[in-house]
Amino acid sequence: MQRIKGYHAHVYFDASTLEQARALCEEAAQQFGVSMGRVHQRPVGPHPDWSCQLAFGPELLGIVLPWLAINRHGLVIFLHPDTGNDLLDHTDHAIWMGNIRPLNLSMF
């Protein structure tokens, strides 16, 4: 099995849920010490929607994942490991909370 170096949770939102997403990400950063990325108000990378990334180590998955599941309140969250294989991490290894969104995988 490939070694998992960490995880990324991408919280998706739009103009109507921007503040909800920002609050969720800020709360996760405060409670768990996860690294909160920029709040992108445009699609970035393979992500089809506006998003904010939360990055954390494997030791936090069992705490952060259930917390996000309970506290997302309708937001779509795309969570994936960092194994070094970006294509597989964003496809076969991905975990979706909410509706699956089409990623732009051409960059991988």
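These figures come from a predicted structure and were not determined experimentally.

Draft legend 1. Seen up close, the overall build of the chain. Summing up its helical and strand segments, the chain has three helices and five strands in all. Overall, the chain is about 40 × 30 × 20 Å in size when its C-alpha atoms are taken along their principal axes. Burial analysis of the chain (108 residues in total) assigns 39% to the buried set. Taking all contacts inside the chain whose residues are at least 6 apart in sequence as the whole, residues at least 24 apart take part in 61%. Put simply, the chain shows about 5,900 Å² of open surface, and 52% of that area lies on carbon and sulfur atoms. Within the chain, one finds 7 positive and 10 negative side-chain charges whose respective centroids are separated by 4 Å.

Draft legend 2. Molecular detail of the packing of aromatic side chains. According to the stated counting rule, one finds five aromatic pairs in the structure shown. Between the aromatic rings of Phe32 and Trp67, the centroid separation amounts to 5.4 Å while the plane-to-plane angle is 75°, which identifies the pairing as edge-to-face. Residue Phe32 is located in helix 1 (residues 18–32), and its partner Trp67 is located in helix 2 (residues 61–71); the two are separated by 35 residues in the primary sequence. Under the relative-accessibility criterion, Phe32 is labelled buried at 17%. Among the aromatic residues, those joined into a cluster by ring pairs are Tyr12, Phe78 and Trp96.

The rules behind the values
- Residues numbered from 1 in each chain as written.
- Predicted model: local features only at pLDDT ≥ 70, side-chain atom pairs only at ≥ 80, totals over all residues.
- Heavy atoms only, no water.
- Helix = DSSP H or I, 4+ residues; strand = E, 2+ residues; numbered from the N terminus.
- Buried < 20%, exposed > 50% of the residue type's maximum accessible area, 1.4 Å probe, protein only.
- Contact = heavy atoms within 4.5 Å.
- Areas by Shrake-Rupley, 256 points an atom, 1.4 Å probe, with all protein chains shown as cover.
- Lys, Arg positive; Asp, Glu negative; His and termini not counted.
- Charge placed at Lys NZ, Arg CZ, Asp CG, Glu CD.
- Phe/Tyr/Trp six-rings, centres within 6.5 Å; stacked < 30°, edge-to-face > 60°.

These values are about where atoms sit, not about what they do.
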